[in-house]
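An overview of the molecular structure
What follows is the residue order along each chain.
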Amino acid sequence: MLLKSNALVSGKEAQAIEACLMATGQTTAFGALLRRYRMLAGLTQEQLAERAGLSARAITALERGVNRSPHRETFRLLADALALGAEERSALEAASRGRRGSANAYDDVASQATQVTRPPLVGRAREMARLPQHLEGRGPPLLLLCGEPGIGKSRLIQEAATLASARGMTILEGGCHWNTCQEPYAPVITAIERHLARESLAQRRADLRGCAWLARMLPELEEVVGQPTSSYPLTPEQERRLTFTAVVRFFTNIAGPGGVLLLVDDLQWIGPDVHDLLAHLVRSASGIGLRLIAAYRDTDVYLPLPLATNIITMVRNGEAARLELAPLATSEAENLLARLMEDAPDDNQQVKALILTRAEGVPFYLVSCAQALRSGAIVEEAAEEVPWDIAASVRQRLALLPEVAQELVDVAAVVGQEASGTLLARASGLSTHETVAALNTARRARLLIEDDMGIYRFSHDVIWEVVVADMGTTRRQLLHRQIAEALEQENRVQWLDALVYHYARSDEREKALPYLERAAHRAMEQRAHGTAEIFYWQQLELLNSLGRELEAARVYEHLGILLRIVARHDEALDSLTHAAETYRAAGDIESLTRVTAQIGWVHARRGTPGDGLVALRALLATLNATSLSSRELADLHIALGELEFVSCHYATQLRTVEQAAEYARDANDVTLLAKAEMRRGMSLFSLGYTDESQQVLDAALALAEQSRDSWTLCRTQNGLGILYRARGQFEEARLWTERACDVAEQQGDPTAISFMWYDLGETDFYQGDWQKARTAFERAAALMRELPPSWISTYALLGLGRVNLAEGNFEAAQRDLDDAIARSHQINELQVLRFAHNILAERDIVEGRPAQALARLEPLLDRDEQREIYVTMLLPVLAWSCHNLGDVARAEAIAAQSIERARTQRYHLALVDALRVVAIIAMGQQRWAQAQASLDEVLDLSRTMPYPYAEAKSRHVAGQLHLARSEPEQARAQFDAALAICAQLGERLYAAHIERAICAIDER
């Protein structure tokens, strides 16, 4: 909730306001009157209970009307606790003695107000038939009401609330606002807050049971639920997930016999970060009896692209249904106008006809014009000048207000679409008496409406829009400043966005800067990246207009980091480069070093490591290293090491990150040390030192957990997953990769998420679940298609090519792998080139093209005398191609080297291939015992992992061995076993050859 209804006026001011309300004849039943006095005094139910010496339960019962006639002593305690004046005390005493005249008078006023806010519902037979079906649980959990402004969406939401109440549903209502002063997760926060504000402390505690993480959205709840805690360090994204779960738990707690109904109006103004929360609620709806109804304007001018995309996706997925509201038919419009005017003189037929003609069946236009006609703003004599368009109608209704009321309406419009009476009293500059009188006048004119929480809002959006549009710039700026100053006196985090909004539009815009910075920081902590970006750009616009370049550079730096996280690499480079140039010109070496390291990280992620290496090495060459701190040097060398890793210069990278680790130790910086050690562990793995790699990665993991560095934690867990998969320890590999994927998802890093899905698919492929592998690869590819190219982009194509080839989808496989190769050449991504060519080389050999296989692999072997682990993977296929070309000596030498390297590196995925190829070479030389020994070992290793595809290939070779030794029965058994595994996997590359071998045996 953006604006509160208390604490902005003193107790005496509140009493004066209430006295004025009483003087205007606004009397109330005891419960409603008690609540009003309590709120005007700025007290919660618990605080009033403590002052009066009563229980909070008793206060709740009185305010809800459960106890309508309190004892005289109870009345005295309450009146004393509220420090009521004579008039207020008399009014409350009258209500406590059951003087029903006042209560009935209030009920009449309330009834009239309801009729104002709820005009007659005419037509809408289709919609009214749909609402009960939706509330019964038929169809998707979310029903979307859409149409043009004024078409009746809000009226149907009100009707849904009435129907839901009759069904015993708990109803929560929230709305969105046009401006950016709403909190990131409004309107759900607003709905929860409004619900809790009506509850006693005991009931609030019951509602919030198990919902401690809601305090992340509503900090004021900590008094009730306590501070959310975890025994494990959590990233902001993990906290967001727990917060979402707490929202679901809250809805479960408050559900009535019929469930819960969440109503959201004006969805077209939804913030950029609430989509995920609403989607989470929709997915959880069936389990908690939740139904959702949301209304939005579907005209192009109002509907933002992200919302349009989400709506299409949710409807396509069966999570939402869309109900479009059309204008009323002519007869329905006539009926509505007649009902609106049924107690008015029947002497305006010409004006009524014109209204019907120009309304074109839009209910709000009919209602607004009917009110104008009844008030005299439209008269029959001026029928030809009837200001049909709603703006003119609103202007005429405003013109009938006293000047002081018009001024207050202006203040309310600048505050936003809703405001508390106390804020209006403080921000308007009017006296207390003038404020109350003006609010009552605007309320009676049906321009403003008031709810039971003392919140005023415009009776329709169009009224608010007209008031804002007609206001002069100077007056609007002045009012924004007055409102900000009123809010500033209350240092509440939930008003942070409002302070940003109002100061940024005031005549003292620079006062928005500290609040913009705080708002952006809070949004980043919540992983609300869209909201954070908006705040960064607002800061930059303001700082640049003030000529404060150095401060702007720092914001450009933050923006660049955000853009890197969301994989908008080119924009990130532009932002970071701008910051670097400013720092360089200002001679700020520390900041220049920091931002240059960030530029390096973007180039690494973008797949342009050469450009990053040039930038970082140029900086190191121009700077005097002694002028940099150990922390700065560590940061720079870690980024340099990342670029060298992406460039596959592992030996150079190992030296760089070892130096970075020393700098980090000198600086006593655990976060930087964790990053350096993680990179060192991956360097050692890439060079084939897998045992040392595991030791370093385990230590890096502990450091990352200690520093709560989620990025390093993700990369370290992923590194351990890759290491265990290379050893054929697939369950351990899956465990670590899934953990890394969870962290990547919590960070909201789409590039990392795509890579983790690829890694999970690789493990699925080796374990033999190819359908699951395909799903993972397709998810990775779909996500990368939405992002700019990067070095990770090619991996999803690689995975799809692998599984398509194995399943016999040769054209698709060739297309995927050729695409991966082409992209890898563009960004010099050597590892994907090795993987892709190795896959295609195996197919070349199986299909009788060994020379083509050899040509693929020879350019991709070890460089710089490095024994790279992924070259070990190429050697078996290289040896096989040499054997099939008749170069037996070279084949044996390469095969022996592959065996030695695979054993030393504990690279079991390469070892099974190497052993199989050794058997093929031995078989060609009729060294039957050697061939059999190699096959026995590879079969045992394949079953131990288990790696069914390797077992199928090896049984194929075993069958060939038996045929060569004239043992057809044993050969047939091996071929049958191999074919059975292929059938289970869905394999077709080898299966066709195995089937032909079986047919040849059967034909003998």
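So, here is what we can say about the structure in this document. (Residues numbered from 1 in each chain as written. Predicted model: local features only at pLDDT ≥ 70, side-chain atom pairs only at ≥ 80, totals over all residues. Heavy atoms only, no water.)

To continue, consider the environment of Ile355. In this structure, Ile355 sits in helix H17 (residues 349-359). Ile355 sits in the buried class, given a relative accessible area of 1%. Expressed as a C-alpha distance, the spacing of Ile355 and Ala370, which sit 15 residues apart in the sequence, is 8.5 Å. Those residues in contact with Ile355 that lie beyond four places of it in its chain are Leu337, Leu366, Cys369 and Leu373. (Helix = DSSP H or I, 4+ residues; strand = E, 2+ residues; numbered from the N terminus. Buried < 20%, exposed > 50% of the residue type's maximum accessible area, 1.4 Å probe, protein only. Contact = heavy atoms within 4.5 Å.)

Working definition: the strands of a sheet are paired by backbone hydrogen bonds and lie parallel or antiparallel to each other. If you walk across this open sheet you meet the three strands as S6-S8-S7, and the pairing is antiparallel. Among the strands making up the open sheet, the edge pair consists of strand S6 (418-420) and strand S7 (448-450). Neighbour-to-neighbour, the strand axes of the sheet open up by a mean angle of 30°, direction not taken into account. Looking at chain direction, S7 and strand S8 (residues 455-458) are connected through three bridges and run antiparallel. Across the sheet, residue Ile449 finds its bridge partner in S8, namely Arg457. Packing of helix H21 (residues 421-428) onto the sheet brings it into contact with S6 and S8, and relative to S6 it is tilted by some 85°. (Pairing = 2+ DSSP bridges. Axes fitted to C-alpha atoms, helices over the stretch in contact; angles between N-to-C directions.)

Applying the stated rule across the entire model yields 50 salt bridges. Put simply, Arg457 and Asp451 hold a salt bridge, and the shortest N to O gap is 3.5 Å. Ionic pairing is found between Arg568 and Glu533, a salt bridge with its closest N-O pair at 2.9 Å. A residue pair is termed long-range when its members are at least 10 positions apart, and Arg568 in the loop between helix H28 (549-565) and helix H29 (569-586) and Glu533 in helix H27 (residues 529-546) qualify at 35 residues. Overall, the relative accessible area of 16% leaves Glu533 in the buried class. Residues joined in a network through salt bridges with shared partners are Arg481, Glu485, Asp507, Glu508 and Lys511. (Salt bridge = Lys/Arg side-chain N within 4 Å of Asp/Glu carboxyl O.)

Here we come to the packing of aromatic side chains. Applying the stated criterion to the full structure yields 19 aromatic pairs. Site record: aromatic cluster; members linked through ring pairs are Phe730, Phe765, Tyr766, Trp770, Tyr947, Tyr949 and Tyr990. Arg739 extends its terminal NZ or CZ atom over the ring of Trp736, reaching a point 4.7 Å from the ring centre. Taking NZ or CZ as reference, Arg802 lies 5.6 Å from the ring centre of Phe765, over its face. (Phe/Tyr/Trp six-rings, centres within 6.5 Å; stacked < 30°, edge-to-face > 60°. Lys NZ or Arg CZ within 6 Å of the ring centre and 35° of its normal.)

This paragraph deals with the packing of helix H20 (residues 403-415) against helix H22 (residues 432-444). Packing of H20 against H22 leaves a shortest axis separation of 8 Å and a crossing angle of 85°. Considering their axes alone, H20 and H22 lie roughly perpendicular with respect to each other. Contacts between H20 and H22 involve Val404, Ala405, Leu408 and Val409 on the former and, on the latter, Glu434, Thr435, Ala438, Leu439, Thr441 and Ala442. Taken together, the residues of the contact of H20 with H22 sort by class into seven nonpolar, two polar and one charged. (Parallel < 35°, antiparallel > 145°, perpendicular 65-115°, else oblique. Nonpolar A, V, L, I, M, F, W, Y, C, P; charged D, E, K, R; others polar.)

A word on the nonpolar core. Formed by 276 residues in total, the largest nonpolar core has its most connected members in Phe251 and Leu281. Residue contributions to this core peak at 13 residues, all from helix H46 (residues 908-924). With residues near it in sequence (within four places) discarded, Leu281 still touches Val188, Val247, Val248, Phe251, Leu262, Leu290 and Leu292. Residues Leu156, Ala164, Ala321 and Leu323 belong to the second largest nonpolar core, which totals 20 residues. (Core = buried A, V, L, I, M, F, W, Y, C linked by side-chain atoms within 4.5 Å.)

Worth remembering: the numbers are spatial, not functional.
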